[in-house]
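Chains, contacts and geometry: an overview
Residue strings, one per chain:
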Amino acid sequence: MKIAVYPGSFDPITKGHLDILKTGAEIFDKVIIAVARNSEKKGFLPVEERVKLIRESVKDIENVETDSFEGLTIEYAKKKGAKVLIRGLRAVSDFEYELQLSQANSAMCEDIKTVFLTTKPKYNFISSSTIKEIYINGGDISKFVPDAVYNYLMEKK
Ligand code: ADP
């Protein structure tokens, strides 16, 4: 069974993330989408809320599991029996950071490979931080986030 981990902040999950995840779920037998807990970064939403929103957004995809983890992604992947990490690429600007990260991970554990996926062009520009900015300034985010996130954020206002 080919298991992949898709790690990230998902603060909150967007349609860009979801598109990457769906592609991953077509390629691998199981994909675990996992929110990284970062004690130094406060974040927009608490990790538990992010996990809940992901769970609701992915409920129709059979081979996806939602989780959170603390510490090194590579250690988490090992614990889960995953041989692949999924990361998304939007633009050249993502590339340098993502390449470094994947090389650091493979230096720590050669057996786990990073696979890069891209989204449909219409989701390419979407990032959690852009969405937060639009939301905070009263703009319409309905096109950029799954319904669960939209409803949650509208209620929160
Ligand atoms: P991190 O804080 O680990 O970068 P994010 O939640 O911002 O976590 O993103 C998780 C992964 O999804 C990253 O690899 C990021 O490049 C990718 N990603 C986010 N938005 C998009 C998008 N619109 N298209 C493609 N990849 C994306």
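This text gives an overview of the structure that appears in the document. A quick note: this is a predicted structure, and the numbers were derived from the prediction, not measured.

This paragraph deals with the side chain of Ser57. Mapped onto the fold, Ser57 is located in helix H2 (residues 47-57). Of the residues examined, Ser57 reaches a relative accessible area of 17% and is grouped as buried. In this structure the side chain of Ser57 is engaged in a polar contact, spanning 2.6 Å, whose partner is the backbone oxygen of Leu53.

The next subject is the packing of aromatic side chains. For any pair of aromatic rings, geometry is given as the distance between the ring centres together with the angle between the planes. Within this structure, the stated rule accounts for 4 aromatic pairs. Ring centres of Tyr6 and Phe10 lie 5.1 Å apart, and the angle between their planes is 80°; this geometry places the pair in the edge-to-face category. Of the two residues examined, Tyr6 and Phe10, each falls in the buried class. A cation over an aromatic ring shows up here: Lys156 above the ring of Phe44, its NZ or CZ 5.4 Å from the ring centre.

Inspection of the secondary structure assignment puts Arg50 in helix H2. For Arg50, a relative accessible area of 7% gives the class buried. Among the polar contacts listed, one links the side chain of Arg50 to the backbone oxygen of Leu45, at a separation of 2.8 Å. Ignoring sequence-local partners within four residues, the contact set of Arg50 consists of Ser9, Phe10, Asp11, Val35, Ala36, Lys42, Gly43 and Leu45.

Viewed as axis vectors pointing N to C, H2 and helix H6 (residues 147-156) meet at an angle of 135°, and their least axial separation amounts to 8 Å. The angle between the axes of H2 and H6 places the two elements in the oblique class. Residue-level contacts link Glu49, Leu53, Glu56 and Ser57 of H2 to Ala148, Val149 and Tyr152 of H6. Counted by class, the contact of H2 with H6 contains 4 nonpolar, 1 polar and 2 charged residues.

Criteria and cut-off values
Position numbers for residues start from 1 in each chain and track the written sequence from start to end. This being a predicted model, a pLDDT of at least 70 is required before a residue's local features are given, and a value of 80 or more before pairs of side-chain atoms are given or counted; all residues contribute to the totals for chains, interfaces and linings. To get the side-chain values, all heavy atoms of the structure are used, and hydrogens and water are removed first. Strands here are runs of E lasting at least two residues and helices are runs of H or I lasting at least four, both read from the DSSP assignment and numbered beginning at the N terminus. Only protein chains enter the accessibility calculation, which uses a 1.4 Å probe; a residue whose area is less than 20% of its type maximum is buried, one above 50% is exposed, and one in between is partly exposed. N or O atoms within 3.5 Å of each other form a polar contact, as long as, within protein, one can give a hydrogen and the other can take it, and as long as residues adjacent in sequence are counted only when both atoms are side-chain atoms. Any Phe, Tyr or Trp ring, taking Trp's six-membered ring, that has another such ring centre within 6.5 Å forms a pair; planes under 30 degrees apart are called stacked, those over 60 apart edge-to-face, and the others tilted. Counted as over-ring charges are cases with an Arg CZ or a Lys NZ within 6 Å of the ring centre that also lie within 35 degrees of the ring normal. Any two residues having at least one pair of non-hydrogen atoms within 4.5 Å are treated as being in contact. In this analysis an axis means a line fitted to C-alpha atoms, helices contributing only their contacting stretch, and an angle means the value between N-to-C directions, from 0 to 180 degrees. In what follows, roughly perpendicular refers to angles from 65 to 115 degrees, roughly parallel to angles under 35, roughly antiparallel to angles over 145, and oblique to any angle outside these ranges. Amino acid classes used here: Ala, Val, Leu, Ile, Met, Phe, Trp, Tyr, Cys and Pro are nonpolar; Asp, Glu, Lys and Arg are charged; the rest, including Gly, are polar.

Keep in mind that these numbers describe shape and distance, not what the molecule does.
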